[in-house]
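# Fold and contact review
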Amino acid sequence: MKIDLLQQLRNDNPMVLNIANSVTQSDVANGLAALGASPLMTNYDTELKTLTQMTGGVCVNIGTLDDRQNSISNNLMELATEFNKPLVLDPVGIGAVPERLEVVEDLLRIAKPTIIRGNAGEVASLVGAAWSSKGIDSLDKGQTQDVSEMAQACAKKFSCVVVVTGETDTIATADKIAKVYNGTPMFKTHVGTGDMLSSILSAFAAVSEGDFYEAAKVGCLVFSIAGEIVMNDYPEIGPSEFGIKLIDKLYQITVDDVEEWGKYDD
Amino acid sequence: MKIDLLQQLRNDNPMVLNIANSVTQSDVANGLAALGASPLMTNYDTELKTLTQMTGGVCVNIGTLDDRQNSISNNLMELATEFNKPLVLDPVGIGAVPERLEVVEDLLRIAKPTIIRGNAGEVASLVGAAWSSKGIDSLDKGQTQDVSEMAQACAKKFSCVVVVTGETDTIATADKIAKVYNGTPMFKTHVGTGDMLSSILSAFAAVSEGDFYEAAKVGCLVFSIAGEIVMNDYPEIGPSEFGIKLIDKLYQITVDDVEEWGKYDD
Amino acid sequence: MKIDLLQQLRNDNPMVLNIANSVTQSDVANGLAALGASPLMTNYDTELKTLTQMTGGVCVNIGTLDDRQNSISNNLMELATEFNKPLVLDPVGIGAVPERLEVVEDLLRIAKPTIIRGNAGEVASLVGAAWSSKGIDSLDKGQTQDVSEMAQACAKKFSCVVVVTGETDTIATADKIAKVYNGTPMFKTHVGTGDMLSSILSAFAAVSEGDFYEAAKVGCLVFSIAGEIVMNDYPEIGPSEFGIKLIDKLYQITVDDVEEWGKYDD
């Protein structure tokens, strides 16, 4: 795995342009900045073209969608394609909410993302597989579908990299598959860690020279290990202090840390 | 008091659907998740019906209202009534801002909330009582109105449970009254603790099998005690670290803690 | 320097009415409240006049602008002028994004702010000077323009106080100039510290009895020292814990601290 992409990201300080989930945008912006990227959130159609041209990567998150934002997301997906910028799509809540799935299917008709990141329930809904969701959460216990197969089917359908996060992270293209085993259950309790990862994947994609599969793998690995180290160092903390220390670990984590802690099949 | 509702909440993991105050929604979402509920914020009219059907409770907070959100709040109050979901209304700022009081009076013509939670100035304005407010804060020193009487008048007028928070929390129906004496002054300095409590009351209401008075009392008690324990354990911390530790205490607090620390008239 | 304004602020508890950057508004509200002011964020045209009449100061931040908010910002700038309230303008991102510069130039045609606070790239763009920016960040290394000259040119052009923040803070009127040397590089890594300072300057302006130059200087000094003390006391922390401790230091900082730590030319 090209773990040096972490150092590359810090050297390049790529800008990541976000249509953000309003609930978690502070964490997302601070996570990106701590890791070494330069975050920018927009809701302003007039500036989209200028910002797309100057950014390194784009992330469209539908966590707090509305009609106006959906229109801006459409435009940003077109612009990212036009200016050849890596585009991450985070389809928050489509596993449980059909009205959100419709919005995402519209977005996917407009442009192909570089990376789709979701939980198992969200990715299942994109390929018509059976999976239980509850609101924005995926209910992963006792499911019978194979996550790797779903991820690869999704990657094939939309010609992109697909990342399914959960206890294990699955990173797939149509013909490749990787697993990241690092992490901590605390990622599920602190709100917005999935949103943070999606934007971070865009930052890694921006410095990957087109190797988006590698970018997605390294992004998942760095993020998962950051959280695992925090809970290893502070096993007694709760989800809110975890959120603070996770961002600070993104600021401090080194290539050596990732090499030492990494557990993955590649 | 049915303190076991805390354990019930953790077992059931109820979804709480929020029209949120945009300033504090990250704290609200994390507070709900830490306590054991499943938060969802929406601004999207198209998904309201689906989300209302799947949620356990609803919370409408007008802290950062605008015309579009007021319309969505209207719709959500109707839907909560139609699908028989516990509905908490947080009338932020109506004590000082007549234009907000008008919006809330419109909302209250559409549907009856299950619980109204506000500070004394906000609740006073709903019953036409005299009380001083400053922006979103209630000026409680030296007031002559009796809070219990105001709370009961409000509960009678809108046929719901009314919670008046302050140094002491007052929980009232038309013919019952309870007081929670736990808490810490730090609740006033950290922004958004009232918003958190309102959404948390919706989570307790969702698991109360219709006993909303009991839900409101236990919600106030758990939240107040969580803050009091934090300041007891860390008397030197400031308001921001208080906000972090408050959420983490919601994650850790047990029925035994509540029984040990509780100071209330019931 | 009138460092006692810090105590005056705590005594008066001025309200600050904000058109906020949605990404950072929680930090801004908590920073204001910790320092001793009373924050209020609005997006609701209907309540603007009422709120402007009751507030001590106003802060318009264009960090997450859109057409609707631009219109509200216009109205608020007019109202602040009509009711003679100190008005801080934070022109986020105009150094790099021409579409933002246009919005701010429109705002400046409507009303004169009391204080403009930006980074060097933002202030340069207001006076047509050459300066490099990257997204919302100013690239200050190796620039040849003189910041003091730019700040004074801007102050002269818009007949207001201009604050240019960076490693050194520059506070200028058309014929006066001051420098604050306190601070820490961590201000750049934690997202939203500039937004916090802008709103804090409005709080100081509200209690300054019209001496806005003094208010701006003291505001910069108090904020810079708060950050510097945090990193002096906790040199190993990351940007997220810095954000927490910065707010808590605003809660605790005294006039004596400011006198002991202050490094400035006045």
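Residues numbered from 1 in each chain as written. Chains lettered and ligands numbered in written order. Predicted model: local features only at pLDDT ≥ 70, side-chain atom pairs only at ≥ 80, totals over all residues. Heavy atoms only, no water.

Rule in force here: UniProt positions are given in the numbering used here, feature names are shortened, and annotations may be inferred rather than shown by experiment.
By the naming in an unreviewed UniProt entry, chain A goes by Hydroxyethylthiazole kinase and is assigned to Companilactobacillus mishanensis. What the UniProt record of chain A gives under Pathway (unreviewed entry) is the line "Cofactor biosynthesis; thiamine diphosphate biosynthesis; 4-methyl-5-(2-phosphoethyl)-thiazole from 5-(2-hydroxyethyl)-4-methylthiazole: step 1/1." Turning to chain A, the UniProt annotation filed under Cofactor (unreviewed entry) states: "Mg(2+)".

## Considering the overall build of chain A
In plain terms, the rule: The helix count covers DSSP runs of H or I at least four residues long, the strand count covers runs of E at least two residues long, and both are numbered beginning at the N terminus. The quantity called the radius of gyration is restricted to C-alpha atoms. Its globule counterpart is 2.2 Å times the number of residues to the power 0.38. Three labels apply to residues, based on accessible area from a 1.4 Å probe with only protein chains included: buried if under 20% of the type maximum, exposed if over 50%, partly exposed otherwise in between. Residue contacts are counted whenever heavy atoms from the two residues lie within 4.5 Å of one another. Here the open area of atoms and residues is found with the Shrake-Rupley method and a 1.4 Å probe, where only the protein chains shown may cover a residue. Residues scored as positive are Lys and Arg, those scored as negative are Asp and Glu, and His as well as the terminal groups of each chain are ignored. Here the site of a charge means atom NZ of a Lys, CZ of an Arg, CG of an Asp or CD of a Glu.
Helices and strands together make up the secondary structure of chain A, namely 12 helices and 11 strands. Against the compact-globule benchmark of 18 Å for 266 residues, chain A has a radius of gyration of 17 Å, which places it among compact chains. Dimensions of chain A, computed from the C-alpha atoms along their principal axes, are close to 45 × 45 × 35 Å. Relative to its 266 residues, chain A shows a buried fraction of 65%. In chain A, the proportion of contacts linking residues at least 24 apart, taken out of those at least 6 apart, comes to 71%. For chain A, the exposed surface amounts to about 9200 Å²; the carbon and sulfur share of it is 44%. The average position of the 20 basic charges and that of the 37 acidic charges among the side chains of chain A differ by 3 Å.

## Re the interface of chain C and chain A
Cut-off, in case you're wondering: A 1.4 Å probe defines the accessible area here, and the buried area is the portion of it lost by two parts on being joined, summed over both. We count a salt bridge whenever a side-chain nitrogen from Lys or Arg sits within 4 Å of a carboxyl oxygen from Asp or Glu. The term polar contact refers here to a pair of N or O atoms within 3.5 Å; inside protein, the definition further demands a hydrogen-donor-capable atom paired with an acceptor-capable atom, and it admits residues adjacent in sequence only when both atoms are side-chain atoms. Lys, Arg, Asp and Glu make up the charged group, whereas Ala, Val, Leu, Ile, Met, Phe, Trp, Tyr, Cys and Pro make up the nonpolar group; the residues left over, Gly among them, are polar.
Tallying the contact residues gives 29 residues for chain C and 27 residues for chain A. Summing both partners gives a buried area of about 2200 Å² for chain C against chain A, and 55% of it is carried by carbon and sulfur. When the area that chain C buries against chain A is broken down by residue, the three leading residues are Val23, Glu99 and Lys134 of chain C, summing to 24%. For the salt bridge of Arg68 of chain A with Asp66 of chain C, the shortest nitrogen-to-oxygen distance reads 3.2 Å. Across the chain C-chain A interface, the total number found is 9 residue pairs in polar contact (both at pLDDT 80 or more). Taken together, the elements giving at least two residues each to the side of chain C that touches chain A come down to helix 4 (67–82), helix 5 (98–110), helix 8 (186–189) and helix 11 (239–252) of chain C. Split into classes, the residues belonging to the side of chain C that touches chain A amount to 12 nonpolar, 9 polar and 8 charged.

## Observations concerning the pattern of salt bridges
The tally for this structure, following the rule as stated, stands at 30 salt bridges over all chains. Asp90 of chain B is the salt-bridge partner of Arg117 of chain B, the closest N and O atoms lying 3.0 Å from each other. Here Asp90 of chain B lies in strand 4 (residues 87–90) and Arg117 of chain B lies in strand 5 (residues 115–119), a separation of 27 residues in the sequence. As far as the burial class goes, Arg117 of chain B and Asp90 of chain B line up, both buried. Several salt bridges share partner residues, and in doing so they unite Glu241 and Lys245 of chain A, Glu241 and Lys245 of chain B together with Glu241 and Lys245 of chain C into one network.

## Observations concerning the UniProt feature "binding site: ATP" (unreviewed entry) in chain A
All names here are of chain A. Mapped onto the present numbering, the UniProt feature "binding site: ATP" (unreviewed entry) falls at Arg117 and Thr165. Despite a sequence span of 49 residues, these residues sit close together in the fold, their greatest C-alpha distance being 7.4 Å. Once residues lying within four places of it in the same chain are set aside, the contact partners of Arg117 are Leu89, Asp90, Pro91, Val163, Thr165, Gly194, Asp195, Leu197, Ser198 and Leu201. Within the local environment of Arg117, its side chain forms a polar contact with the side chain of Thr165, the two groups lying 2.6 Å apart. Secondary-structure assignment places Thr165 in strand 8 (residues 161–165). Taking the relative accessible area as the measure of exposure, Thr165 reaches 14% and is therefore buried. Among all residues touching Thr165, those that are not within four sequence positions of it are Arg117, Gly118, Asn119, Ala120 and Leu197.

## Here we look at the sheet that holds strand 4 (residues 87–90) of chain C
All names here are of chain C. Heads up, the rule is: Here, any two strands with at least 2 DSSP bridges between them count as paired.
Strand order in the open sheet made by the 9 strands is 2-1-3-4-5-8-9-10-11, with mixed pairing throughout. In this open sheet, the two edge strands, each paired with only one partner strand, are strand 2 (38–41) and strand 11 (264–265). In this sheet, strand 9 (residues 169–172) lies alongside strand 8 (residues 161–165) in antiparallel orientation, the contact comprising 3 bridges. Bridging across to strand 9, Val164 finds its partner in Thr170.

## Examining the side chain of Glu122 of chain B
Residue and element names in this part refer to chain B. With respect to the element layout, Glu122 can be found in helix 6 (residues 120–126). Of the side chains bearing the opposite charge, Arg117 lies closest to the buried Glu122, which forms no salt bridge; the N-O distance is 4.9 Å. Polar side-chain contacts of Glu122 include one of 2.9 Å to the backbone nitrogen of Asn119. Those residues in contact with Glu122, other than ones at most four positions away along the chain, are Pro91, Val92, Gly93, Ile94, Gly95 and Ile136.

## Quick notes on the packing of helix 2 (residues 25–35) of chain B against helix 11 (residues 239–252) of chain B
All names here are of chain B. Our working rule: Helix axes use the C-alpha atoms of the stretch in contact, all axes being lines fitted to C-alpha atoms, and the angles between their N-to-C directions lie in the range 0 to 180 degrees. Comment on the angle field: the value is read as roughly parallel under 35 degrees, roughly antiparallel over 145, roughly perpendicular from 65 to 115, and oblique elsewhere.
Two elements in contact, helix 2 and helix 11, have axes whose closest approach is 7 Å; the angle formed by their N-to-C orientations is 25°. Between helix 2 and helix 11, the angle falls in the class roughly parallel. On the side of helix 2, the interface is formed by Asp27, Asn30, Gly31, Ala34 and Leu35, while helix 11 contributes Ile247, Leu250 and Tyr251. Across the contact of helix 2 with helix 11, the residue classes tally to 5 nonpolar, 2 polar and 1 charged.

## Some thoughts on the interface of chain B and chain A
Listed as interface residues are 27 residues of chain B and, on the opposing side, 29 residues of chain A. In total, about 2200 Å² of surface goes out of reach between chain B and chain A, with carbon and sulfur atoms giving 55% of it. Run the count over chain B and chain A and you get 3 salt bridges. We note a salt bridge from Glu241 of chain A to Lys245 of chain B, for which the minimum N-O separation is 3.7 Å. At the boundary of chain B and chain A, one finds 9 residue pairs in polar contact (both at pLDDT 80 or more). Elements with a minimum of two residues in the side of chain B that touches chain A: helix 2, strand 2 (38–41), helix 3 (48–54) and helix 11 of chain B. When its residues are assigned to classes, the side of chain B that touches chain A shows 13 nonpolar, 9 polar and 5 charged.

## So, the pairing of strand 1 (residues 15–19) of chain C
All names here are of chain C. Here is the rule we go by: A clockwise course of the path from the first strand over the helix to the second, judged with the strands pointing away from the viewer, identifies a crossover as right-handed.
Counting buried positions along strand 1 yields 5 of 5 residues, so the element is predominantly enclosed. Neither face of strand 1 is exposed, since Met15, Leu17 and Ile19 on one face and Val16 and Asn18 on the opposite face are all buried. Regarding the hand of the β-α-β motif, the stretch spanning strand 1, helix 2 (residues 25–35) and strand 2 is right-handed.

## Points about the relation of the copies chain B and chain A
Put simply, the rule is: Least squares is the method for superposing the copies, and the C-alpha atoms it fits come from residues with pLDDT of at least 70 in both.
When chain B is fitted onto chain A, the two copies agree to an RMSD of 0.0 Å after a turn of 120° and an axial shift of 0.0 Å. Expressed as an axis order, the relation between the two copies is that of a three-fold axis. For chain B, the minimum C-alpha distance to the rotation axis belongs to Ser22 of chain B and amounts to 4.4 Å.

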